[in-house]
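One letter stands for each residue in the lines below.
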Amino acid sequence: KEDTISIRDFYPELIRVKKDRKRFCLEHKSLDGDIVFTLHLDKVEGLGLFTEIRIRGNPEKTHTEELLRLASEFGFSPKDIVEGSYLALVLRDRK
């Protein structure tokens, strides 16, 4: 806990981003072996609702195709992709 306090003192708080997160896991078998998708459903105060899809699989592969396929199955398209952290999005919207 002392390390956390000293780090917080060293880096000033720019803004506090509040979010509620629900986490789900989905396992999928593929030719490359088992793939585990993690879905985060986030409600971010002041920004809205977000879905983050992560993958844990073969570290030698990017799994972009699998991520986009799953996103499509959930009704998302590439135009729905949001780049940046929640902090960056909040700061951008404040300008």
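A quick note: this is a predicted structure, and the numbers were derived from the prediction, not measured.

**Observations concerning the overall build of the protein**
Broken down by element type, the protein carries 3 helices and 3 strands. Secondary structure of the protein in N-to-C order comes out as α-β-β-β-α-α. Residues classed as buried in the protein amount to 18% of the 95 residues present. Here the contacts in the protein between residues at least 6 apart in sequence split such that 35% fall between residues at least 24 apart.

**As for the nonpolar core**
Ranked by size, the top nonpolar core spans 6 residues in total: Ile 35, Phe 37, Leu 39, Ile 53, Leu 70 and Ala 71. Among the elements of the structure, β2 (33-44) and α2 (64-73) are those that each provide at least two residues to this core. Sort the elements by how many residues they give to this core and β2 lands first, with 3 residues. Once residues within four sequence positions are removed from consideration, Ile 53 is found in contact with Phe 37, Thr 38, Leu 39, Leu 67, Leu 70 and Ala 71.

**Examining the packing of aromatic side chains**
Under the definition given, this model contains 1 aromatic pair. Both rings, one in Phe 50 and one in Tyr 86, keep their centres 5.1 Å apart while their planes meet at 55 degrees; by these two values the pair is tilted. Of this pair, Phe 50 sits in strand β3 (residues 48-56) while Tyr 86 sits in helix α3 (residues 86-94), placing them 36 residues apart in sequence. Take Tyr 86: its relative accessible area is 18%, and that puts it in the buried class.

**Points about α2**
Among the residues of α2, Glu 66, Leu 70 and Ala 71 are the ones counted as buried. The arc that holds every buried residue of α2, seen down its axis, measures 135 degrees, which confines them to one face. At the C-terminal side of α2, Gly 75 shows a positive phi close to 95 degrees.

**As for unusual backbone geometry**
Positive phi outside glycine occurs at His 63, with the angle close to 65 degrees. Looking at the secondary structure, you find His 63 in the loop between β3 and α2.

**A few points about α3**
Within the sequence span of α3, burial applies to Tyr 86, Leu 89 and Val 90. Seen along its axis, α3 keeps its buried residues to an arc of 100 degrees; they face one direction.

**Description of the confidence of the model for the protein**
Taken as a whole, the protein shows an average pLDDT of 85; of its residues, 88% reach a score of 70 or greater. Of all secondary-structure elements in the protein, the lowest mean pLDDT belongs to helix α1 (residues 2-10), at 68, while β3 reaches the highest, 91.

**Describing a nonpolar patch on the surface**
Judged by side-chain polarity, Ile 7, Phe 10 and Tyr 11 come together as a nonpolar surface patch covering roughly 400 Å² of accessible area. If you trace the backbone, Ile 7 turns up in helix α1.

The rules behind these values
Residues numbered from 1 in each chain as written. Predicted model: local features only at pLDDT ≥ 70, side-chain atom pairs only at ≥ 80, totals over all residues. Heavy atoms only, no water. Helix = DSSP H or I, 4+ residues; strand = E, 2+ residues; numbered from the N terminus. Buried < 20%, exposed > 50% of the residue type's maximum accessible area, 1.4 Å probe, protein only. Contact = heavy atoms within 4.5 Å. Core = buried A, V, L, I, M, F, W, Y, C linked by side-chain atoms within 4.5 Å. Phe/Tyr/Trp six-rings, centres within 6.5 Å; stacked < 30°, edge-to-face > 60°. Arc of directions from axis to C-beta. pLDDT = per-residue confidence, 0-100. Patch = residues over 30% accessible without salt bridge, like charges linked within 9 Å, V, L, I, M, F, W, Y side chains within 5 Å. Areas by Shrake-Rupley, 256 points an atom, 1.4 Å probe, with all protein chains shown as cover. Salt bridge = Lys/Arg side-chain N within 4 Å of Asp/Glu carboxyl O.

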